[in-house]
Amino acid sequence: MSKHRLGLHHWLCFSYLSRTTKRPFTACHLPAEAISSTVPTSSPINNHKTLCFSLAEQLILRGLFGSAQKVIQRIIKQSSSVSEAISAVEFSISRGVEPDVTSYSFLIRQLVASGETQMAEDIYVYCILKRGIEPKDQSLLNSMAICYCNLGKLDEAKLLFDKLLDMKLRPCSSTCNALIKGFCGQHSILDGFDVFVVAIDAGVSLSFSCYNRLVDGLSRRGFLDEALYVFDVMCERGVSPNVHLFKTLVLSLCKRGRVEEAELLSMDMESYGFVLDKVMYTTLINGYSKNKKMKMAMRVFLRMLKLGCEPDKYTYNTLMHGFFSLGMLDKGWVLHQQMAEFGLEPDAVSYQIMIGKYCKDHKVDCALMLLNNMIQCNVAPSVHSYTALIAALYKENRLAEVDVLYNKMLDNGLVPDHVLFFTLVNNYPRGSEITLACTFLRAIAKNGCGIDLSDIPSPTSRTVTTDIVSDIDHLLGEIVARNLPLANVAFNIYMIALCLGGKLDSALLCMDKMASLSLQPSLSAYNSMIKCLYQNGLLEDAKSFVEVMQDQGQVPNQATFLIMVNVYCKQGDTQLAFEVLDQMEESGLKPSVAIYDSIIGCLGRQKRIDEALEVFRRMLEDRIYPDETMFVTMINALSINGRAIQAHELFDKMLEDGVQPSHYAYTALIHGLVKKNMIEKGCVYLDRMIENGFMPNTVLYTSLIKQFLRKREFEFAFKLVDLMERSEIERDLVTYITLVSGVSRNIRSLHGKWLVPQKQYEKSKEMLFRLLHQSAMFSREKCLKISISSQEQIKFLALRLINKVKNTPLMPNLYLYNGIISGFCWAEKMQDAYKHLDMMQSEGIQPNQVTFTILIDGHFRSGEIDLAVSLFNRMNAQGCSPDKIVYNTLIRGLCKHGRLIDALSISYTMLKKGFAPSKASYENLLTSLCANNWSVHALKICEDMLAHKYVPCGHNLKLLICMLDEENKSHEARLMIDLLLNKRRFMMYTS
């Protein structure tokens, strides 16, 4: 510390002490070195300052302190160095004269300019703020804002910046540059952008590095529109961008799917005299390929060749991937050959693209042959090729081959990554996450670090114990000591495993350990943590964790938002899911197909098929193209909602787009066609499915059995059950639930309604059976034959099924117990239903909302209203929160039995809890209220229905109008008539 710095430090302390203790401050309070420093030297250069000091001293001796202050102020302002300015201040204080704010302001400016920021802050705090002085000087505020930025105190700097704006004062260029630099450095990039906007509006000139930092930071964080705004302002102000800025924006735009904008920007880049390199051309090609615009991709490729920029393997691989993804295998192979003609031998990525396509098209054997061919050509397969193959083998249930292939990969010395871990763990039983992670860590240690594993036992023969956790800690320590990048991979896999296993606290400790080693969790690890928080019901913590992730420089990707959407859709909250969609679009990130798939699936389950179709159209308008899974979801949504013709049209559209249907797509379509009695059409697609190598499986049989039970076709349904058993197709949990519930719900009614001529219907059923059997039909004596003509017979069949289900190895199971309890309720055996409820609980399975709904409905059907209400109260007491279905069941039952006040109370309770009764519940309430002449309540129900976009049915509106006329309420009746007329117009318009 310099002499002057030391003297001023003591001076600040004593000066503050003298003011707070009301004691006079004199030169005796200063150390000797501070006093000596106040005497100017007598060299010729300082003659003028010496005269000024002498003048100030004379003025002080004469008691003219104000004049002395002005002389000292002039000395500080004209000082050529910080030391001279400090000498003047010390001189003044040593003579008992406190410098004024202007003097301190000049001193602070000099201190900030010379880098003495801590001293500047001390003087500002002790000599200005703590004297109760409100700083209003523009130069002082700007200097202190810069000072706080340099000290890393951005909040204090921003307060001074805002104060300047409030006082209608203009922040200086240095202040704006310092704030933007600080915010960019601390990941508060949007705060930096806000400062930028204010600076531009105020006409402040900014440095090139300021523009550079903002464009770079905003692009990396996904705020592309803001980055482009900064870039445009930069160009408008005549600041020439460099090649780095162009590259940053082009790459970021392509990454976000905005390829057309990226290409236009690349043309602007050429106008500045820069030349696109191989990376930028390939990035544009990749962007167009991802958007399935292969003509545009080829145009960029040809332009690249024309301008003499030679493509590399990555360029060719990018194009091949685009063509293979669209099913254009011939064009992909042409590029493969052209690549070889240019002397570029196909590499591991080239083969990986082809292997991935074969796996996606369910041609695993072709993919395996390609893998062997790859090895014969001395091209070492990557872990990604093995991952695609293992995932495809799992889909085809070829588990033995999975183990062989995985061991082959390890024998070849490859190091597994987190993607392969996800593939395997998703096909392992729950609870094996830590064991599998230990296996992966052993492979990383052995193949990646050359660590001898003889001292660490294999985890495959053990359950998750403290020994395995200890082994993992030991492995991680060894990997950290040998290879830090691989340690990052290992820690991320372990963190993912902990999250998937629901071990939240251990996962957080793992993340802390990573931070202590300066290791960064991957985006997949962060996403796993966010998912784990959501699964534990910690929604607010999950949202906060997204912000933590962003502060660490990780930009939320489509997988992050998919986790959020999946959670909201699982809860049935599509409004929050749509908000996530809007949030993504605002940040310039296109939603993935999986995100749309989740929302459409949820809407389909909620019977909101028109909204599902609207979302599907929105997806296509955003140039996001559906994959096979998305097509299946949409076809299934249309099928279960009775839109079989539209499902059939969409299936054909899928084929036109080159998307090969799986057995899931065929099953969804056939199910929809059979549901609408278009069995003959269903047979066409069943035949095509079998020709394509997909044999009828458990899912298809179960869906068909379910439909024929709903149609009360018991004989044919059980013929399918018999055929399923003869074909050695195992019944799963859903099959048993379908059988029990399908028979039980038909106990009270046996006569179905035929929508087609009986003869044609029987012929279609025979064709369906024949196709399933793949030969001539069984003779009648060999087929299972069930004839049901009375309620007693169907009750007997239901009870037999229940007894059979109870003996299956799938028990105990909540869903099967619910099916069994439902069967007893339909058979009016409530005592047996409660007996199985007790049995279920004794086996450690707690009833859920479905269980209580079944029992409450059973009591209502048996006329036991008080018992139904009592059970509802018991449900609340046991901590099982009622859902919409429970409430709607209560409303329906209470209305049926004339308990209108209770039914209205339940409907108001629902509204208070944030969800409305269903339209059917509202109609039940309205019918009952009209029947009892409760016009006031009926009108209120109509208002609630309209508020939730429900239009009352014509019958209820007519009843309400008649009731209002009888009560001489003509105005209300007129409103109802208008509503009825509008409804009819709407129905005519939509038809």
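The name an unreviewed UniProt entry gives the chain is Pentatricopeptide repeat-containing protein, with Nicotiana attenuata as the organism.

Caption draft 1: Structural detail: the overall build of the chain. Scanning the chain from N- to C-terminus turns up 53 helices and 0 strands. Classification of the 991 residues of the chain by burial places 49% in the buried group. Once local pairs closer than 6 in sequence are excluded, the contacts in the chain between residues at least 24 apart make up 63%. Summed over its atoms, the accessible surface of the chain is roughly 47,300 Å², and 53% of this surface lies on carbon and sulfur atoms.

Caption draft 2: Spatial organisation of the nonpolar core. By size, the foremost hydrophobic cluster in this structure holds 235 residues, and its most contacted members are F196, L206 and M634. At 11 residues, helix α27 (residues 484-500) tops the list of elements feeding residues into this core. Once residues lying within four places of it in the same chain are set aside, the contact partners of M634 are I600, I609, A612, L613, F616 and L650.

Caption draft 3: Fine view of the side chain of N291. Relative to the helices and strands, N291 resides in the loop between α16 (278-290) and α17 (294-306). Among the polar contacts listed, one links the side chain of N291 to the backbone oxygen of G257, at a separation of 3.3 Å. Residues in contact with N291, not counting those within four places in the same chain, are G257, V259, K590 and Y625.

Caption draft 4: Here's a closer look at the packing of helix α10 (residues 173-185) against helix α12 (residues 208-220). Axis separation between α10 and α12 bottoms out at 10 Å; the angle between their running directions is 30°. It follows from the interaxial angle that α10 and α12 lie roughly parallel. Both α10 and α12 take part in a crossing whose hand is left-handed. Packed against α10, whose contacting residues are N177, I180, K181 and C184, the element α12 presents C210, R213 and L214 at the interface. Taken together, the residues of the contact of α10 with α12 break down into 4 nonpolar, 1 polar and 2 charged.

Caption draft 5: Up close: the environment of V300. If you trace the backbone, V300 turns up in helix α17. Judged by relative accessible area, which is 1%, V300 ranks as buried. Residues contacting V300, with those up to four places away along its chain left out, are E263, Y281, L284, I285 and Y288.

Caption draft 6: Focus on the pattern of salt bridges. Within this structure, the stated rule accounts for 30 salt bridges. D277 serves as the salt-bridge partner of K247, at 2.5 Å between the closest nitrogen and oxygen. Of this pair, K247 sits in helix α14 (residues 243-255) while D277 sits in the loop between α15 (259-271) and α16; the two residues are 30 residues apart in sequence, bridging distant segments of the chain. We classify K247 as partly exposed; its relative accessible area is 29%. The exposure class of D277 is partly exposed, given its relative accessible area of 24%. A salt bridge links E261 to R258; the shortest N-O distance between them is 2.8 Å. What makes E261 partly exposed here is its relative accessible area of 34%.

Caption draft 7: Just the environment of A490, in detail. In this structure, A490 sits in helix α27. In this structure, the C-alpha to C-alpha distance between A490 and I444, residues 46 residues apart in sequence, is 7.2 Å. Once residues lying within four places of it in the same chain are set aside, the contact partners of A490 are L441, I444, L476 and I479.

Caption draft 8: The arrangement of the confidence of the model for the chain in detail. Summary statistics for the chain give a mean pLDDT of 80 and a share of 81% for residues scoring 70 or more. Note that residues 461-465 has pLDDT below 50 and, in this model, 9 contacts with residues that lie over four places away or in other chains.

Caption draft 9: Broad picture of the packing of aromatic side chains. Evaluated as defined, the whole model comprises 21 aromatic pairs. Ring centres 5.6 Å apart and planes at 70° place the aromatic pair F301 and Y316 in the edge-to-face group. Here the residue F301 occupies a position in helix α17, and Y316 occupies one in helix α18 (residues 313-325), the gap between them amounting to 15 residues. Of the residues examined, F301 reaches a relative accessible area of 2% and is grouped as buried. Put simply, the rings of F193, F196, Y211 and Y229 pair up and form one aromatic cluster. Above the face of the F769 ring, K719 is positioned so that its terminal group lies 4.8 Å from the ring centre.

Caption draft 10: Local environment of a negative patch on the surface. Together, D155, E156, D191 and D194 make up a region of like negative charge exposed at the surface. Elements with a minimum of two residues in the negative patch: α9 (154-166) and α11 (189-201). Among the structural elements, D194 can be located in helix α11.

Caption draft 11: Examining α15 more closely. In this model α15 runs 19 Å from its N-terminal to its C-terminal C-alpha over 13 residues, within 8% of the 18 Å that 1.5 Å per residue would give. The complete set of buried residues in α15 reads V259, A262, E263, L265, S266 and M269. Down the axis of α15, the sector holding all buried residues measures 160°, keeping them to one side. In α15, those exposed residues whose orientation departs by more than 90 degrees from the buried face are L264 and S271.

Caption draft 12: Highlighting the packing of α11 against α12. The contact between α11 and α12 brings their axes to 10 Å, and the two run at 135°. As far as their axial angle goes, α12 and α11 are oblique. In the crossing of α11 with α12, the sense of the turn from one axis to the other is left-handed. Side by side, α11 and α12 meet where I189, L190, G192, F193, F196 and I200 of the first sit next to Y211, R213, L214, G217 and L218 of the second. Residues that form the contact of α11 with α12 fall into these classes: 8 nonpolar, 2 polar and 1 charged.

The rules behind the values
Residues numbered from 1 in each chain as written. Predicted model: local features only at pLDDT ≥ 70, side-chain atom pairs only at ≥ 80, totals over all residues. Heavy atoms only, no water. Helix = DSSP H or I, 4+ residues; strand = E, 2+ residues; numbered from the N terminus. Buried < 20%, exposed > 50% of the residue type's maximum accessible area, 1.4 Å probe, protein only. Contact = heavy atoms within 4.5 Å. Areas by Shrake-Rupley, 256 points an atom, 1.4 Å probe, with all protein chains shown as cover. Core = buried A, V, L, I, M, F, W, Y, C linked by side-chain atoms within 4.5 Å. Polar contact = N/O pair within 3.5 Å; in protein donor to acceptor, adjacent residues only side chain to side chain. Axes fitted to C-alpha atoms, helices over the stretch in contact; angles between N-to-C directions. Parallel < 35°, antiparallel > 145°, perpendicular 65-115°, else oblique. Left-handed = near helix turned anticlockwise from the far one by under 90°. Nonpolar A, V, L, I, M, F, W, Y, C, P; charged D, E, K, R; others polar. Salt bridge = Lys/Arg side-chain N within 4 Å of Asp/Glu carboxyl O. pLDDT = per-residue confidence, 0-100. Phe/Tyr/Trp six-rings, centres within 6.5 Å; stacked < 30°, edge-to-face > 60°. Lys NZ or Arg CZ within 6 Å of the ring centre and 35° of its normal. Patch = residues over 30% accessible without salt bridge, like charges linked within 9 Å, V, L, I, M, F, W, Y side chains within 5 Å. Lys, Arg positive; Asp, Glu negative; His and termini not counted. Charge placed at Lys NZ, Arg CZ, Asp CG, Glu CD. Expected span 1.5 Å × (residues − 1). Arc of directions from axis to C-beta.

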